[in-house]
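Structure at a glance
Given next are the chains, with one letter for each unit.
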Amino acid sequence: MALQVVTAVTGAAWEAALVGALDRVDHGVTVVRRCVDAADLLATAATGTAQAALLSADLHRLDGDAVARLTAVGVAVVGLADPADERAGDRLRALGVPTVFPADASAEDVVRALRDAVDGVSGAGHDVADPRAALPLPSSSGNEPEERRPSRGRVVAVWGPTGAPGRTTVAVGLADEAARMGVPTLLVDADVYGGVVAQVLGLLDESPGLAGAARQAAAGTLDEAALARLAWSVRPHLAVLTGLARADRWPELRPGAVAAVLTEARRTADLVVVDCAFNLEEDEELSFDTAAPRRNGATVTVLEEADDVLCVSGADPVALQRTIRALGQLRDLLPEVEPVVVVNQVRRGPVPGDPREEIAGALERFAGRAVRTFLPADRRATDAALASGRTLAEVAPGSPLRAALRSLAAGLARVPEPVAGRRGRARRRAG
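Cut-offs and rules
Position labels on residues start from 1 in each chain and follow its written sequence. Per-residue local features are limited, in this predicted model, to residues with pLDDT of at least 70; the limit for side-chain atom pairs, both in listing and counting, is 80 or more; totals at the level of whole chains, interfaces and linings are taken over all residues. To get the side-chain values, take all heavy atoms of the structure and skip hydrogens and water. A run of H or I in DSSP becomes a helix once it reaches four residues, and a run of E becomes a strand once it reaches two; helices and strands are each numbered from the N terminus. Buried residues are those whose accessible area, probed at 1.4 Å on protein chains only, stays under 20% of the maximum for their type, while exposed residues exceed 50% and partly exposed ones sit between those limits. Asp and Glu are treated as the negative residues and Lys and Arg as the positive ones, with His and the ends of the chain left uncounted. When a carboxyl oxygen of Asp or Glu is within 4 Å of a side-chain nitrogen of Lys or Arg, the pair counts as a salt bridge. What qualifies as a polar contact is a pair of N or O atoms within 3.5 Å, subject to a donor-acceptor requirement within protein and to the restriction that residues adjacent in sequence count only when both atoms come from side chains. We call two residues in contact whenever any of their non-hydrogen atoms come within 4.5 Å of each other. It is the directions from the helix axis to the C-beta atoms that the arc portrays. Centres within 6.5 Å are what make two rings of Phe, Tyr or Trp a pair, Trp counting through its six-membered ring; a difference in plane orientation under 30 degrees is then read as stacked, over 60 as edge-to-face, and the rest as tilted. Counting as a charge over the ring demands two things of the Lys NZ or Arg CZ atom: a distance within 6 Å of the ring centre and an angle within 35 degrees of the ring normal. At least two bridges found by DSSP between two strands are what make those strands a pair. Only the stretch in contact is used when a helix axis is fitted, and all axes are lines through C-alpha atoms; the angle between N-to-C directions ranges over 0 to 180 degrees.

Going by an unreviewed UniProt entry, the protein carries the name Chromosome partitioning protein and comes from Geodermatophilus normandii.

Given below as structure tokens:
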């Protein structure tokens, strides 16, 4: 049976000759359509008439989301890069195209790559899951492409139920304390319902931030230098990728692009702290027959990509009930994720008896989760920090909340807690 292929390499001088060579009877390939742009390509793929797609880096409106949608409908993707364009192959690989050939390759090699891609094996004999395992492209300059720094950082997702349990307070505090310990840290605001990290830190919230990084990631142009330009340098070892200026811009944070940003962030920082939204619902899949934008897809992607997931809970009965339900929803949606429970705003009054003992017992009994850290309520310190656009370490260095956040940050960053912090707490206990 002939292999059904769609091409999307319009505008190239070599397109007509390639299509004619592929359509020869002895190759066993049938070109069912020559698409003019990414929208035409996706529409054709949705009909189920194609098994593979052959595309070029300069295809109009081609991005990582389009490549992911092709893969989702079962269409294998092979890229062709113009040998005169030294970066075309890198752009295709950055978009998620696993196999890339130079455009002047023989028709026999291209057909073999198409068949191998359909079978799930790359034409070079490498694992297709490795986006950099495709055939190398010749460089007109003769210089080898510079090796990219391997991913080294850990991603910590700060998530929690609806309400105001203090997710942003915890995320900002963890990032600030880790940076003060000398750990290169990147704080990312990924809340699609109303991120306020920029306001909390007194930064201009109109900067591109995460949305700009997601756009570059979707276009395959995001690298360490681009990410550094988009992030605010707050202090030594601490950079901030601000969130959406308006909540109605959530379609800019596509799940695939957010995952690519986190991959690049791991190369730039040892610790990446992500402030997430609360919602995990997937109502879009029930409301649309075709692929639809997923507002909560960014949050789900962060939780899937994270090395550590912190579930921040309040310390009153209403907040605890919300936490128990949220943990159950997370377990149903992402059973492989093992969240760590952090109880914030702990104080006497809302819970009878010893609040720590009662809260720990309730979460263990109804959610099956132990509490890793209790963060004491310190309203005076948090109000002062919010009013001045600074962190707890700057406005209340002796705050017990700051001390608890510092201890938690040291554990997440895998570094020893500063001795001064332990002595400070000992002096407070003695007093």
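We now examine the side chain of Asp37. With respect to the helices, strands and loops of the structure, Asp37 is situated in the loop between strand S2 (29–34) and helix H2 (38–46). For the buried Asp37, no salt bridge exists, and the shortest N-O distance to an oppositely charged side chain is 5.3 Å, to Arg61. Engagement of the side chain of Asp37 in a polar contact is seen with the backbone nitrogen of Asp40, the distance being 2.8 Å. Leaving out residues up to four positions away in the same chain, Asp37 has contacts with Leu59 and His60.

Glancing now at helix H1 (residues 15–22). It helps to recall that an α-helix has 3.6 residues per turn; residues three or four apart then point in one direction. Of all the positions in H1, only Glu15, Leu18, Val19 and Leu22 are classed as buried. Taken around the axis of H1, the buried residues stretch over an arc of 95°, which confines them to a single face. Opposite its buried face, H1 presents the exposed residues Ala16 and Ala17, each directed more than 90 degrees away.

Now for the packing of aromatic side chains. Two descriptors summarise a pair of aromatic rings, namely the distance from one centre to the other and the angle between the planes of the rings. The final tally for this structure, using the stated rule, is one aromatic pair. With 5.2 Å between their ring centres and 40° between their planes, Tyr193 and Phe278 make a pair best called tilted. Within this pair, whereas Tyr193 is found in the loop between strand S7 (185–190) and helix H7 (197–200), its partner Phe278 is found in the loop between strand S10 (271–276) and helix H11 (284–287), the two being separated by 85 residues in sequence. Its end group placed over the ring of Tyr193, Arg295 keeps NZ or CZ at 4.1 Å from the ring centre.

With that settled, consider the sheet that holds S10. Spatially, eight strands are ordered S8-S9-S7-S10-S6-S11-S12-S13 in an open sheet, and the strand pairing comes out mixed. The two strands at the open ends of the sheet, each matched to only one other strand, are strand S8 (232–235) and strand S13 (371–376). Direction aside, neighbouring strands of the sheet carry axes that sit 25° apart on average. Relative to strand S9 (residues 238–241), S8 runs antiparallel, the two sharing three bridges. Across the sheet, Ser233 pairs through a bridge with Ala239, a residue of S9. Where helix H12 (residues 297–305) meets the sheet, it contacts strand S6 (154–159), S7, S10 and strand S11 (308–313), and its direction lies at approximately 135° from that of S6.

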